[in-house]
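# Structure at a glance
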Amino acid sequence: MSAEGRVYGYSAVLMGSPILLKLFEHNEGRAMRVFRLIKQLETLLTVNRPHSEVMAINHAAGDHPVVVSQPVFNLIARAKEVSMMPGSCFNLAIGPLVKRWRIGFNGDSVPPAKEILALRALTQPQQVILDPQLRSVFLEKRGMEIDLGAIAKGYIADRVRDLLRQEGVENALINLGGNVQTLGGTPDSSPGSWGIGLKKPFGAPDELIGVINVTGKSVVTSGVYERYFEIQGQRYHHILDPHTGYPLDNELLSVTVISDDSIDGDIFTTLLYGMGVEKSLAYLADIPAIEALFVTRDRQVVFSSPRQFSFTLRDDSYHLA
Ligand code: ADP
Ligand code: MG
Ligand code: MG
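Rules used throughout
- Residues numbered from 1 in each chain as written.
- Chains lettered and ligands numbered in written order.
- Predicted model: local features only at pLDDT ≥ 70, side-chain atom pairs only at ≥ 80, totals over all residues.
- Heavy atoms only, no water.
- Salt bridge = Lys/Arg side-chain N within 4 Å of Asp/Glu carboxyl O.
- Helix = DSSP H or I, 4+ residues; strand = E, 2+ residues; numbered from the N terminus.
- Buried < 20%, exposed > 50% of the residue type's maximum accessible area, 1.4 Å probe, protein only.
- Axes fitted to C-alpha atoms, helices over the stretch in contact; angles between N-to-C directions.
- Parallel < 35°, antiparallel > 145°, perpendicular 65-115°, else oblique.
- Left-handed = near helix turned anticlockwise from the far one by under 90°.
- Contact = heavy atoms within 4.5 Å.
- Nonpolar A, V, L, I, M, F, W, Y, C, P; charged D, E, K, R; others polar.
- Donors = N, O, S within 2.8 Å, 3.2 Å for Na, K, Ca; no water.
- Phe/Tyr/Trp six-rings, centres within 6.5 Å; stacked < 30°, edge-to-face > 60°.
- Near = heavy atom within 4 Å.
- Polar contact = N/O pair within 3.5 Å; in protein donor to acceptor, adjacent residues only side chain to side chain.
- Areas by Shrake-Rupley, 256 points an atom, 1.4 Å probe, with all protein chains shown as cover.
- Domains from an automatic or database assignment.
- Buried area = accessible area lost by both parts, 1.4 Å probe.

## Regarding the pattern of salt bridges
A full pass over the atoms with the stated rule returns 16 salt bridges. The closest approach of N and O atoms between Arg 159 and Asp 162, which form a salt bridge, is 2.8 Å. Residue Arg 159 and its partner Asp 162 are located together in helix 6 (residues 152–166), separated by three residues, close to a single helical turn. For Arg 159, a relative accessible area of 26% gives the class partly exposed. The partner of Asp 162 in a salt bridge is Arg 161, and the shortest N-O contact between them spans 3.1 Å. Residue class for Asp 162 comes out partly exposed when judged on its relative accessible area of 24%. What emerges from the salt-bridge pattern is a single network uniting Asp 158, Arg 159, Arg 161, Asp 162 and Asp 261.

Here you go:
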């Protein structure tokens, strides 16, 4: 616990990430309830441990359907729906490729092209068969694997927000490492808002391009600098293009999504990553509830139409487009 002005910060390391909770009162019990909830949900969703509901589905691939809890079923159903959208770069069945690349884990390497081709055949979202009556999930082919890494944190951030809301909390922030969800704002800012730092790509942890201010919104950032490895001057980061089997490669360094629900932020960062700036802006024109901020390799900061947030540039080597 750390106190800074009237803000009390509680931290933990969960889901392989530093987790930070900010409250406006000293309440150890509340922080413990939040961290316990995160642990419980991680236990259902992770693919980084041998046992979870998701791993039970993966272990039964090509063999039999597995009945899961309603929240896990709903999450998988949503992930499948997004994966099936035409041209979508989001793919919940990306597991075999993620496992093979091991980006961000020990033993990462560039797989031979032949292997990538073979693994792509095991990443077909239409072969994730859902039965809402039975609440079961069946992966049609042996070797298929679901990976909810792109949405688990968003889902969990929303459940933390719900818990805090139920407890009557009006102003709070939860940061799950890349996924920030907020209630209200800091009571001493007027109007109450939270300032969320936008990290400088490949910079020191405290170096910021700027600060995003929101009130009661989620802010999710996915960047090529989050998890990657380098071989012979080539950088390989952790968001894969399901159509090629290689890391997504375009003009983007990061995508930030501002939305009510963090699950939407988590889904849209991956989707928009795949689309690139121009397509994303056209696509978002019809979805006012989802707003985005892009950082490009040539140091431009590009917004969809900011209404629900404000942005203050802090680093003059970046430029507002
Ligand atoms: P994090 O914030 O933990 O870095 P992201 O939300 O940025 O996670 O999503 C990246 C994770 O999503 C990867 O580590 C991997 O588990 C999974 N993933 C990678 N590529 C895709 C993809 N094309 N579709 C869905 N999930 C993906
Ligand atoms: Mg992320
Ligand atoms: Mg995501």
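Continuing now.
## Here's the deal with the packing of helix 6 against helix 7 (residues 262–284)
Closest axis-to-axis distance for the helix 6/helix 7 pair is 7 Å, and the angle between their directions is 165°. Overall, the two elements helix 6 and helix 7 adopt an arrangement that is roughly antiparallel. For helix 6 against helix 7, the interelement crossing comes out right-handed. On helix 7, the residues that touch Ala 152, Lys 153, Gly 154, Tyr 155, Ala 157 and Asp 158 of helix 6 are Ser 262, Ile 263 and Asp 266. Taken together, the residues that form the contact of helix 6 with helix 7 break down as four nonpolar, two polar and three charged.

## Re the coordination of the magnesium ion (ligand 3)
Only Ala 150 (O) and Asp 266 (OD) from the protein coordinate the magnesium ion (ligand 3), and they sit 2.2 to 2.4 Å from it. The distance between the magnesium ion (ligand 3) and the magnesium ion (ligand 2) comes to 4.3 Å. With Ala 150 in the loop between strand 6 (136–139) and helix 6 and Asp 266 in helix 7, this residue pair connects regions lying 116 residues apart in the sequence. Given the relative accessible area of 27%, Ala 150 is considered partly exposed. Classification of Asp 266 by relative accessible area gives buried; the value is 6%.

## Concerning the packing of aromatic side chains
All told, the structure shown has ten aromatic pairs when counted by the stated rule. On the basis of an interplanar angle of 75° and a centroid distance of 5.6 Å, the ring pair of Trp 101 and Tyr 246 is categorised as edge-to-face. Residue Trp 101 is located in helix 4 (residues 95–101), and its partner Tyr 246 is located in the loop between strand 13 (234–237) and strand 14 (252–259); the two are separated by 145 residues in the primary sequence. We classify Trp 101 as buried; its relative accessible area is 0%. Grouped by ring-pair contacts, the aromatic residues Trp 101, Phe 229, Tyr 236 and Tyr 246 constitute a single cluster.

## A word on the site of ligand 1
Taken together, 17 residues lie near ligand 1, and Cys 89, Ser 222, Glu 226, His 238 and Leu 240 sit nearest. Interatomic distance of 2.7 Å between a side-chain N/O atom of His 238 and an oxygen atom of ligand 1. One nitrogen or oxygen atom from the main chain of Leu 240 is found 2.7 Å from a nitrogen atom belonging to ligand 1. Starting from 560 Å² of accessible surface for ligand 1 in isolation, the protein chains cover 95%. Both domains that meet at the shell around ligand 1, namely domain 1 (2–37 + 152–320) and domain 2 (53–139), each give it at least three residues.

## Things to note about the domain arrangement of the chain
The parts lose accessible area when they come together, and the size of an interface is often stated as this lost area. Here the domain parsing of the chain yields domain 1 (2–37 + 152–320) and domain 2 (53–139). Here the C-alpha centre of domain 2 lies 24 Å away from the C-alpha centre of domain 1. Each partner contributes to the interface: domain 1 provides 24 residues, whereas domain 2 provides 24 residues. Both faces combined, the contact of domain 1 with domain 2 buries some 2,100 Å², and carbon together with sulfur accounts for 74% of it. When the area that domain 1 buries against domain 2 is broken down by residue, the three leading residues are Phe 229, Leu 240 and Pro 242, summing to 28%. Between the two partners, domain 1 and domain 2, sit one salt bridge. Note that Asp 264 is salt-bridged to Arg 78, the shortest N-O span being 2.7 Å. On inspection of domain 1 and its partner domain 2, the count reaches four residue pairs in polar contact (both at pLDDT 80 or more).

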